[in-house]
Number of protein chains: 2
Amino acid sequence: MSLSILVTGGAGFVGSHTVLELLNAGHQVICVDNLCNAFGAADSKLPESLKRVQELTGKNVTFYDVDIRDKNGLREVFKKHKIDCVAHFAALKAVGESCRIPLQYYQNNITGTSVLLEVMAGSNVLKFVYSSSATVYGEPQKLPLDEKHPTGNCTNPYGKSKYFTEEILKDLCESDPRWSVISLRYFNPVGAHKSGRIGEDPNGEPNNLMPYISQVAVGRRPCLKVFGNNYDTPDGTGVRDYIHIVDLAEGHVCALDKLARGDLNGFVVYNLGTGCGYSVLDVVEAFSKASGKEVKYEIVDRRPGDVATSYADVTLAAKELGWKAKRGLKEMCEDTWNWQRLNPNGFSGAN
Amino acid sequence: MSLSILVTGGAGFVGSHTVLELLNAGHQVICVDNLCNAFGAADSKLPESLKRVQELTGKNVTFYDVDIRDKNGLREVFKKHKIDCVAHFAALKAVGESCRIPLQYYQNNITGTSVLLEVMAGSNVLKFVYSSSATVYGEPQKLPLDEKHPTGNCTNPYGKSKYFTEEILKDLCESDPRWSVISLRYFNPVGAHKSGRIGEDPNGEPNNLMPYISQVAVGRRPCLKVFGNNYDTPDGTGVRDYIHIVDLAEGHVCALDKLARGDLNGFVVYNLGTGCGYSVLDVVEAFSKASGKEVKYEIVDRRPGDVATSYADVTLAAKELGWKAKRGLKEMCEDTWNWQRLNPNGFSGAN
């Protein structure tokens, strides 16, 4: 069944990879993005990432430069297109920045989502996939983290904005049973499309490990900072569940298919991870091997809010979405390196 | 010191009583209200409640019919007036309605507050009193509830909107130490101004006990529904901490004085209650005595989300705000009845 899917934040890392997989699966994609974290293509109205998605797939993306807080702008898009489902990626996502400018985070992530939901309701579009995060679990009380683990107790505005939005979605579904909402709780998305044409392109100093490592490997940064080596983990560094971005994108395709089939009502949550934990030093080693580059690092103090270990129980998504991550750490590192090597300055050095 | 205070939601129950006390204390008051729950005066641009506040005080209120989500409308107000502090009452507050239309609650209460804070920051007005609620404590883990009791686990969108907004305020104060914010957690505001000219005027069926009782006493409703008489309390009915609205309003005057003195930085929370718990049947009896009317009631099922007992530890406000509730249950009932008797149909039968 070919669907017409509105993707918000389609120009970003997760958005662009998901758009690619949706097009490949035969769906129509309409994107909105305010381009606040995306690089415009020099020769087109599309952001560079989506221009490349079009090249890779040979298919067209309809794009609107619209901010999701702009109710009238969104309404126009819903008037112009018959939309079956919405996949909502548009959000600010840097933990450190969220502590410096919390109001902007709450306005983009909470107000933005609620305006989008209001416009959807007004257009009778009631199927929604939400880009959530494992951060909603707060400090793990037991591992692996399954979907029944309590949520809340987030330590920064970014995490709170994801948690609050899940609560809003839950309340919305309880208030009106016609809604079907899937919230996908991402663990740590890394990697890039096999082509090396699209990938993660963070602004400024990366918040996350993998883009930091790859910028060190390519010579853009001198040295990786490892935040603490005295955690209660095998090598003392933090353990996380990394997931390849293409696996993550495929998870969204499965979720949208499930919504389109009318298989569920109300608010449902799935973890998207591999179920495997790797330490910082595991990733450094795997990346060095994949890239053939030395990755210099130094141990510095722990970062407030970081937990020792986090990884997913992935059985529910396997059972109910028919989805499982297929790509391992080696492939995550190879594909990240391929993207970095081909695009040492991300999309800004685009050709 | 005479202050210039912006009051949002100034036409409402808590807002109008606070405006009155602020004017009596010699402050200038500018009100904004979208009048979504207020009754307009027939012969003036003011809402009826504020028209009466002017009559009672002999002082003028500057009023703007502005929705706090309207950034430009708010900016105009901040341009026209030099404002020292903001007291923020504008919010939707009906628990049952919040379950039916959660998006409207989140947009009014969270988006509205965050737009207001953004406009304040842009005008360098950084002193803020927030209208919070004891509902942020969720199910009490111990009694009395002091300000260190954990928050969260709210069971309805109204309560969540109050809790989420407190978190936003906390994050804002951590991000920028120039802010001073006092969050006042109300227990159960009841009563009315001694004159009987202003009081609580709920739309439709009241959510709260006291206005329900008084509408039964005045003959507008046949019978009070008591939600459960099998709680673990002395008479089996729920026990709450009721606070006279004029005491509550005086608490706001103390909080604004403290902010104006520059006595505090960051985010601080105070309970506003009496510290005494009364059961539903205690209140029915006290109201019957005060009004000389029989209050018919019937016992019905418990309401989901209601807790058995809730009352405040009020020592912190006494110590740091120099404020204490002075009016007891008898006076709460007498003043509610006086208002109800003089205004059997609230402001809508205004003369």
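Residues numbered from 1 in each chain as written. Chains lettered and ligands numbered in written order. Predicted model: local features only at pLDDT ≥ 70, side-chain atom pairs only at ≥ 80, totals over all residues. Heavy atoms only, no water.

Taking an unreviewed UniProt entry as the reference, chain A is identified by name as UDP-glucose 4-epimerase belonging to Aedes aegypti. Regarding chain A, the UniProt comment filed under Sequence similarities (unreviewed entry) reads as follows: "Belongs to the NAD(P)-dependent epimerase/dehydratase family." Database annotation for chain A, UniProt heading Pathway (unreviewed entry): "Carbohydrate metabolism; galactose metabolism." (UniProt positions renumbered as here; feature names shortened; annotations may be inferred.)

## A few points about the packing of aromatic side chains
The geometry of an aromatic ring pair is captured by two quantities: the separation of the ring centres and the angle between the planes. Applying the stated criterion across every chain yields a total of 15 aromatic pairs over all chains. Seen from their ring centres, Tyr163(A) and Phe164(B) are 6.3 Å apart, and the 65° between their planes marks the pair as edge-to-face. Pair noted here: Tyr163(A) is in helix 6 (residues 157–175) and Phe164(B) is in helix 6 (residues 157–175), and the two residues belong to different chains. For the pair shown, Tyr163(A) and Phe164(B) are each scored as buried. Ring plane angle 35° and centroid distance 6.5 Å describe the contact between Tyr137(B) and Phe187(B), whose orientation is recorded as tilted. In this pair, Tyr137(B) sits in the loop between strand 5 (127–133) and helix 6 while Phe187(B) sits in the loop between strand 6 (180–186) and strand 7 (188–190), placing the two residues 50 residues apart along the sequence. (Phe/Tyr/Trp six-rings, centres within 6.5 Å; stacked < 30°, edge-to-face > 60°. Helix = DSSP H or I, 4+ residues; strand = E, 2+ residues; numbered from the N terminus. Buried < 20%, exposed > 50% of the residue type's maximum accessible area, 1.4 Å probe, protein only.)

## A short note on helix 8 (residues 245–261) of chain A
The first and last C-alpha atoms of helix 8 of chain A sit 24 Å apart over 17 residues, in line with the 24 Å expected at 1.5 Å per residue. Most of helix 8 of chain A is tucked away: 14 of the 17 residues are buried. (Expected span 1.5 Å × (residues − 1).)

## Topic: the pattern of salt bridges
Counting across every chain of the model gives 50 salt bridges over all chains. For the salt bridge of Arg69(A) with Asp67(A), the shortest nitrogen-to-oxygen distance reads 2.7 Å. What makes Arg69(A) partly exposed here is its relative accessible area of 34%. A salt bridge links Lys225(B) to Glu205(B); its shortest N-O distance comes to 3.5 Å. One end of the pair, Lys225(B), is in strand 8 (residues 224–227); the other, Glu205(B), is in the loop between strand 7 and helix 7 (209–217), and 20 residues separate them in sequence. In this structure Lys225(B) comes out as partly exposed when scored by relative accessible area, which is 32%. By relative accessible area, Glu205(B) is classed as partly exposed at 44%. (Salt bridge = Lys/Arg side-chain N within 4 Å of Asp/Glu carboxyl O.)

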